[in-house]
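The chain contents come next:
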Amino acid sequence: MPHYRAVGDVPRKRHTHHLDASGHRFAEELMGQEGFSSNSSLLYHRHSPSALFAVEPAEFAPAEATPDVPLTPRHIRTRALDAVTGADLVTGRTVLLANADVEVAWVEATADSPLHRNALGDELVYVQHGRGRLDSVFGRLDVGPGDYVVVPASTTHRWLVTDGPLGALVVASRGHVAPPAKYLSRYGQFLEHAPYCERDLRAPTELVVVDDDDGAGPVPVLVRNRAGWSRHLHASHPFDVVGWDGCVYPYAFNIADFEPIVGRLHQPPPVHQTFELPGAVVCSFVPRLFDFHPDAVKVPYHHANTDSDEVLFYSAGNFMSRAGSGIDVGSISYHPAGFVHGPQPGSIEASLDQRSTEEVAVMLDTFAPLHVTDAARAVSDEHYPFTWSRRTS
Ligand SMILES: [Fe+2]
């Protein structure tokens, strides 16, 4: 995230002694991306963030995704997933689709998560319903329906459920999630044609400080890296940051603040792009005017995404192009490369007298094929691949 922010108590010059009134020296931490060659933030801790009491394996193994053979377009019904009692936003995820670049999961969280640090990459959490709070070393960030929340890699954080259940789609990246470069000036400011800008982004303004100077004991943090999952027992609570500044921090962007770009004739999905990440893009489909050429076909044409798999999460509204297919709020459609998808039968006719759409949907296009988990297969509508032909048995 390229925009500078500062919260709390930071010294006037970086890399200088920073003491509290009693003379206690704060520990400076640089959280930098791409070595020391990209964005970073400087955080000031009361205690060393390196002080560990123990490192342990964590008994946690997310589901494995396997190649989807035979190739199958899918309607994955998240609302049919088994409820996980006491699920939290970190350990309660049900992974649905994955490849080497991303992992797509659904979670219905009713409990607060443990402290967590994902060293694999940034996480993009789209809040579908409920409210919660992301506490991190950068402070607190309240989130609600329609929020995309970007959690930078290696941010120590926890998710609290303040009005549950908190249902969310989670895209765990193996790199960094960022606004598309095409929206940014060469210095990183959003350009005039971008569908959102700095004013639409919310970041922590208030620190979360857990004072455990009395020695509350080791504090467990669930850590994920390429090797798997571990538990680090920290000597002090990681939320001891008195101030930070820089360009790496969690932030939220609400999909309702995405300003749609419309045209006389159909605008292709790149106008809806919201984020880019290694091996994938994320687009937002929001309420907008339909194409206004008098002869415009208002629903998307058939298309073969020859170089990507397409995942659409249907968040709210009516999904005209999928009318009659069973797709509804909470559905995920998965249209892999090798399958030509298009409007459902009758949807073009149904759109003729419509002037606008109220749909809200999140799309993830991946450039490498996705694999599918057994959990996703179990809630896939077996009739969906044949809804275009109207084969019913
Ligand atoms: Fe599509």
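In the block above lies the structure referred to throughout.
Read on for a plain summary of the structure. Computed from a prediction, not measured in an experiment: that's the story for all the values here. (Residues numbered from 1 in each chain as written. Predicted model: local features only at pLDDT ≥ 70, side-chain atom pairs only at ≥ 80, totals over all residues. Heavy atoms only, no water.)

Observations regarding the pairing of strand S16 (residues 228–234)
Burial analysis of S16 places five of its seven residues in the buried class, the great majority of the element. Here strand S4 (residues 52–57) pairs with S16 via five bridges, running antiparallel. If you follow Leu52 over to S16, its bridge partner there is His234. Where strand S15 (residues 219–225) meets S16, seven bridges bridge the pair, whose relative direction is antiparallel. Along S16, the bridge assignment pairs Val219 with His234. (Buried < 20%, exposed > 50% of the residue type's maximum accessible area, 1.4 Å probe, protein only. Helix = DSSP H or I, 4+ residues; strand = E, 2+ residues; numbered from the N terminus. Pairing = 2+ DSSP bridges.)

Details of the layout of surface pockets
As a volume, the largest pocket reaches approximately 480 Å³. Lining the largest pocket we find 31 residues, and of these His266, Phe285, Arg288, Pro300 and Glu359 sit closest to its centre. Every element with two or more residues in the lining of the largest pocket is listed here: strand S21 (288–289), strand S22 (309–316) and strand S25 (360–366). In terms of residue count, S22 provides more of the lining of the largest pocket than any other element does, three residues in total. When the residues that make up the lining of the largest pocket are grouped by side-chain class, the tally is 16 nonpolar, nine polar and six charged. (1 Å grid on protein atoms, 1.4 Å probe; cavity = no way out; pocket = protein on both sides within 12 Å on 5 of 7 lines; lining within 4 Å. Points joined across faces, edges and corners; volume = space filled by probe spheres on them. Nonpolar A, V, L, I, M, F, W, Y, C, P; charged D, E, K, R; others polar.)

Focus on the nonpolar core
Leu97, Tyr148 and Phe275 are the most contacted members of the largest nonpolar core, which totals 56 residues. Of all hydrophobic cores here, the second largest spans 20 residues; its members include Leu141, Leu222, Trp229 and Ala252. (Core = buried A, V, L, I, M, F, W, Y, C linked by side-chain atoms within 4.5 Å.)

Considerations on empty space enclosed by the protein
Tallying each qualifying case throughout the model produces one cavity of 30 Å³ or more. There is about 50 Å³ of room inside the largest cavity. What lines the largest cavity is simply Val104, Leu169, Val171, Val311, Leu312, Phe313, Val362, Met363 and Leu364. Elements supplying a minimum of two residues to the lining of the largest cavity: strand S13 (157–173), S22 and S25. Taken together, the residues of the lining of the largest cavity sort by class into nine nonpolar, no polar and no charged.

As for the side chain of Arg93
Within the element layout of this structure, Arg93 appears in the loop between strand S6 (74–77) and strand S7 (94–98). Among the polar contacts made by the side chain of Arg93, one reaches the main-chain carbonyl oxygen of Leu89 at a distance of 2.7 Å. Among the polar contacts made by the side chain of Arg93, one reaches the side chain of Glu123 at a distance of 2.7 Å. Beyond its immediate stretch of four places on either side in the chain, Arg93 contacts Asp88, Ala105, Trp106, Val107, Glu123 and Val170. (Polar contact = N/O pair within 3.5 Å; in protein donor to acceptor, adjacent residues only side chain to side chain. Contact = heavy atoms within 4.5 Å.)

Describing the coordination of the iron ion
Within the protein, the atoms that donate to the iron ion are His303 (NE2), Glu310 (OE), Glu310 (OE) and His341 (NE2), at distances of 2.0 to 2.3 Å. Between the four donor atoms coordinating the iron ion, the angles at the centre fall across 57 to 167°, so the site counts as irregular. Positions of the donor residues of the iron ion, expressed as sequence spacing, correspond to H-x6-E-x30-H. Pair noted here: Glu310 is in strand S22 and His341 is in the loop between strand S23 (331–335) and helix H1 (347–351), with a separation of 31 residues, a long-range link. His341 sits in the buried class, given a relative accessible area of 1%. (Donors = N, O, S within 2.8 Å, 3.2 Å for Na, K, Ca; no water. Tetrahedral: all angles 85-135°; square planar, octahedral: opposite > 155°, others 65-115°.)

Quick word on the side chain of Asn305
Positionally, Asn305 belongs in the loop between S21 and S22. With relative accessibility at 16%, the residue Asn305 sits in the buried group. Reaching out from Asn305, the side chain makes a polar contact with the side chain of Glu310 at a distance of 2.8 Å. Setting aside residues up to four positions removed in sequence, Asn305 forms contacts with Glu310, Ala337, His341 and Asp365.

Quick word on the environment of Glu103
Positionally, Glu103 belongs in strand S8 (residues 102–109). For the pair Glu103 and Arg133, spaced 30 residues apart in sequence, the C-alpha to C-alpha distance is 22 Å. Residues within four places of Glu103 in sequence aside, it is in contact with Val95, Leu97, Ala98, Val170, Val171, Ala172, Arg174 and Arg224. Within the structure, Glu103 has its side chain in polar contact with the side chain of Arg224 (distance 3.0 Å).

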